[in-house]
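Structural overview
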Amino acid sequence: YGRAMNAAIDALIDCLDRLTSQDEFAICVFHEYQQWFDPTGAFAAMASDVPQGTGRNAVVPPPVECMLPATPDSLARAKAFAREITAGGLTDILHPVQQAFGLLSEVARQRPSSFAVPVCFLMTDGAVPNEREVCKYVQETPLQCRMFTLGIGSLCNTYFLRM
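Below or above, wherever it landed, is the structure these notes cover. Here the structure is a predicted model, which is why all the values come from computation and not from measurement.

Cut-offs and rules
Residues numbered from 1 in each chain as written. Predicted model: local features only at pLDDT ≥ 70, side-chain atom pairs only at ≥ 80, totals over all residues. Heavy atoms only, no water. Core = buried A, V, L, I, M, F, W, Y, C linked by side-chain atoms within 4.5 Å. Buried < 20%, exposed > 50% of the residue type's maximum accessible area, 1.4 Å probe, protein only. Axes fitted to C-alpha atoms, helices over the stretch in contact; angles between N-to-C directions. Helix = DSSP H or I, 4+ residues; strand = E, 2+ residues; numbered from the N terminus. Parallel < 35°, antiparallel > 145°, perpendicular 65-115°, else oblique. Contact = heavy atoms within 4.5 Å. Nonpolar A, V, L, I, M, F, W, Y, C, P; charged D, E, K, R; others polar.

Here the focus is the nonpolar core. Judged by nonpolar contacts, the single largest core of 18 residues is most densely connected at Ile93, Val97 and Val134. In this structure, Leu16, Phe37, Ala82 and Ile85 belong to the second largest nonpolar core, which totals 16 residues.

In structure tokens, the structure reads:
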């Protein structure tokens, strides 16, 4: 995991460095479960509302408070968060994509006049076991979103990256 994960973290930090004061962002780390960058604690507070038995992969979008303005403080905190990311096991991309689309849809609903076309970057250092299911979900979702994928390392699926 080492070199590929470090390269993914470097790519994330580079993306954060390119944000402007007009941008907003959210970060989700995914492996067998999802972890959202949540400096406000808003998503953690929601965890108790998840119905029993839904497991760690419940598709509960984070609250719009996880969509942060690109201020110097939030970017510094996000970079510190990124530097603490460690590699996990399974590469589950479907659930975080569903959560991200839910978040972007809710932000667009709450702020229709100020929300530009959302952009979703997926960076992975691992093989995606259900790439066709992920691609089908993205294609069938009504949210108009630009999606970019970045695979780092030799384990990434060519099919998924080309979709």
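Having seen the structure, we can now continue with the description.
Right, let's get into the packing of helix H1 (residues 2-17) against helix H3 (residues 72-83). Two elements in contact, H1 and H3, have axes separated by 10 Å at closest approach and are oriented at 175°. On the basis of their axis angle, the class for H1 and H3 is roughly antiparallel. Every residue of H3 that contacts H1 at Ile9, Leu12, Ile13, Leu16 and Asp17 is listed here: Leu75, Ala78, Lys79, Ala82 and Arg83. Across the contact of H1 with H3, the residue classes break down as seven nonpolar, no polar and three charged.

What follows covers the environment of Leu16. Looking at the secondary structure, you find Leu16 in helix H1. Residue classification places Leu16 among the buried positions, given a relative accessible area of 3%. Put simply, Leu16 and Ala78 are 62 residues apart on the chain and 8.0 Å apart in space, counted from C-alpha to C-alpha.

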